[in-house]
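The lines below spell out each chain.
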Amino acid sequence: MLIAGKLVAATNKIEVINPSTAETLALAPDASQGDLDRAIGAARAAFPHWSALPVDTRRKSILALADKIEASSEALSRLLTAEQGKPYADANSEVMGAAAWLRGTASLDLPITVNEDSEARYSETRHVPLGVVAAIAPWNYPLLLAAFKIGPALLAGNCLLLKPSPFTPLATLKLGELALDLFPAGVFNIISGCNSLGPKLTSHPGIDKISFTGSTETGRKVLASASGSLKRVTLELGGNDPAIIMHDVDVSILTEALFWAAFSNAGQICIASKRVYIHTAVYEELRDALVDYAKTIKVGDGLEQGTRIGPINNRPQYERLRHLVQDARQAGILFAFEGDIPNSPGYFLPVTILDNPPEDSSIVQEEQFGPIMPLLRFDSYDEVITKANATPYGLGASIWAKDEEAAWELGTRVKAGTVWINEARHLSPLVPFAGHDQSGFGVEGGLDGLLEFTVPKTMIRKRQAV
């Protein structure tokens, strides 16, 4: 672990499982209460100096970390594939994406707003750092989603304590080695541990803000834990994102993009297309095209040649998805396609496409977070908007059509923080990303995301000596 500018071992360990083999890959540190207290104490001690440095100085350290990540991309990618399961090419894309996200965030500036400049007084508002930030990253994109938090927290002048998921701590701990000499001691800390570490971190009195990405269920617990000391909180939570396919699409152009909108990272993406509503005019054609394309996709170990989809990352999620698919089968739902999986003890699930399941079925109403695509037929756009919005979530949505203006208009009616037209899942460090309803609390990305790690401070000067 990285604590107070030093690499620190822990007395206890947690097992990290390779999801492609279901075997132990490595042992990672299991932080004690003392480790946690030392990391937070170091961050608090470092805060006055770090926050007082010029923004450009902090910016240079973040850019140096991006350079280190890029230079170590091969080793990080292999480690990420081994612990997370995603194919090597996808792991490398995540690593390079983390570096790019840090660079993009580092290009931002904290604004200074002049509220009044009159004969009577001068008033301006700046945005100052909060103190010590706890960043909790999930197992589906451990490095990229950590970068969502590292960049803005440190640029704003906060000190940071990063905790990866116990399922995927290794690449993040390696990140601590890369960052060792880039920041003053205590500014950037990384600790790992079992599930009990999270509540200890979120309730700790030395934490001023929590930035959490994960499930809505856990997000509620984080919010409750933070309420005792009124910690500021950013929550990026679950989603059950609808994709709406309009009547005029060109199926030959659409098929591949729509497939990967749902199945990238084995469907383990909060903004994956999880409910695919298809206009009846193109339903059969698109269903059959998706099935034909799915037959060409290899599911397997992420380090094997030709693998496009890896395993489910961890056993609890694997078992949950197996039960969800079994429930669909027992309910008599039609399966348009179930693909092949390797003969392996790993957590592999086949690519699964469901043919028009009932709207109230679990496979539609729950966020699958796996390689499952329910296709749902609709006849009218009023009907599909009602169905798309009938969810407690509101993270993302996509509309696909030849008529871009019609798609744009339809998108304005969808309840979601981000709506894509003729693509899905595109994010930028320069653009706000936020969830509606139970999909989130606060903002990541863009200036709005940077300001989440600050508090306004207004200075007023009366233009008359006393």
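Quick look at the structure, then.

Quick notes on the rules
- Residues numbered from 1 in each chain as written.
- Predicted model: local features only at pLDDT ≥ 70, side-chain atom pairs only at ≥ 80, totals over all residues.
- Heavy atoms only, no water.
- Helix = DSSP H or I, 4+ residues; strand = E, 2+ residues; numbered from the N terminus.
- Rg over C-alpha atoms; globule rule 2.2 N^0.38 Å.
- Buried < 20%, exposed > 50% of the residue type's maximum accessible area, 1.4 Å probe, protein only.
- Areas by Shrake-Rupley, 256 points an atom, 1.4 Å probe, with all protein chains shown as cover.
- Pairing = 2+ DSSP bridges.
- Right-handed = clockwise from strand over helix to strand, strands pointing away.
- Axes fitted to C-alpha atoms, helices over the stretch in contact; angles between N-to-C directions.
- Salt bridge = Lys/Arg side-chain N within 4 Å of Asp/Glu carboxyl O.
- Core = buried A, V, L, I, M, F, W, Y, C linked by side-chain atoms within 4.5 Å.
- Contact = heavy atoms within 4.5 Å.
- Polar contact = N/O pair within 3.5 Å; in protein donor to acceptor, adjacent residues only side chain to side chain.

Along the protein chain, the regular secondary structure elements total 15 helices and 22 strands. Expected size for 466 residues packed as a compact globule is a radius of gyration near 23 Å; at 23 Å, the protein chain falls within 12% of this value. Expressed as lengths along the three principal axes of its C-alpha atoms, the size of the protein chain is roughly 80 × 60 × 40 Å. The buried share among the 466 residues of the protein chain stands at 56%. Just so you have it, the protein chain exposes about 19,000 Å², and 53% of that area is on carbon and sulfur atoms.

Now for the pairing of strand β13 (residues 273-279). The side chains of a regular strand alternate between both faces of the sheet. Burial analysis of β13 places 7 of its 7 residues in the buried class, which makes it a mostly covered element. One ladder, built from 5 bridges, connects strand β12 (residues 241-245) with β13; its direction is parallel. Of the residues in β13, the one forming a bridge with Asp241 is Ser273. On the question of chirality, the crossover connecting β12 to the parallel β13 by way of helix α9 (residues 251-263) is right-handed. Judged from the 4 bridges that link them, β13 and strand β16 (residues 372-378) form a sheet pairing that is parallel. If you follow Tyr277 over to β16, its bridge partner there is Leu376.

In this section: the sheet that holds strand β22 (residues 454-462). By way of backbone hydrogen bonds, the strands of a sheet pair with one another, either parallel or antiparallel. With respect to topology, 3 strands assemble into an open sheet ordered β5-β6-β22, the strand pairing being antiparallel. Edge positions in the open sheet fall to β5 (113-117) and β22, since each of these has one partner strand only. Within the sheet, the average angular offset between the axes of one strand and its neighbour, ignoring direction, is 20°. With 4 bridges connecting them, β5 and strand β6 (residues 121-129) associate as antiparallel partners. In the strand pairing of β6, Val114 is matched with Glu124.

Proximity of charged atoms lets side chains of opposite charge pair with each other. For the structure on display, the rule yields 26 salt bridges. Of the charged contacts in the structure, one is a salt bridge between Glu367 and Lys274, with a shortest N-O distance of 3.3 Å. Pair noted here: Glu367 is in the loop between α12 (362-365) and β16 and Lys274 is in strand β13, with a separation of 93 residues, a long-range link. With respect to burial, Glu367 and Lys274 carry one shared label: buried. Here Arg287 ties to Asp288 by a salt bridge, and the two come within 3.1 Å at their closest N and O atoms.

Core analysis: the biggest nonpolar cluster contains 86 residues, and Leu65, Ile69, Ile150, Phe183, Phe188 and Ile191 have the highest contact counts within it. Considering every element that reaches this core, the biggest residue donor is helix α5 (residues 142-155), with 10 residues. For Leu65, the residues in contact, after removing those within four places along its chain, are Leu102, Ile150, Leu175, Ala179, Leu182, Phe183 and Phe188.

A few words on the environment of Lys274. Judged by its relative accessible area of 2%, Lys274 falls in the buried class. For the pair Lys274 and Ile353, spaced 79 residues apart in the sequence, the C-alpha separation amounts to 11 Å. Leaving out residues up to four positions away in the same chain, Lys274 has contacts with Gly239, Asn240, Asp241, Ile269, Glu367, Gln368, Phe369 and Pro374. Engagement of the side chain of Lys274 in a polar contact is seen with the backbone oxygen of Ile269, the distance being 2.8 Å. In terms of polar contacts, Lys274 uses its side chain to reach the side chain of Glu367, at 3.3 Å.

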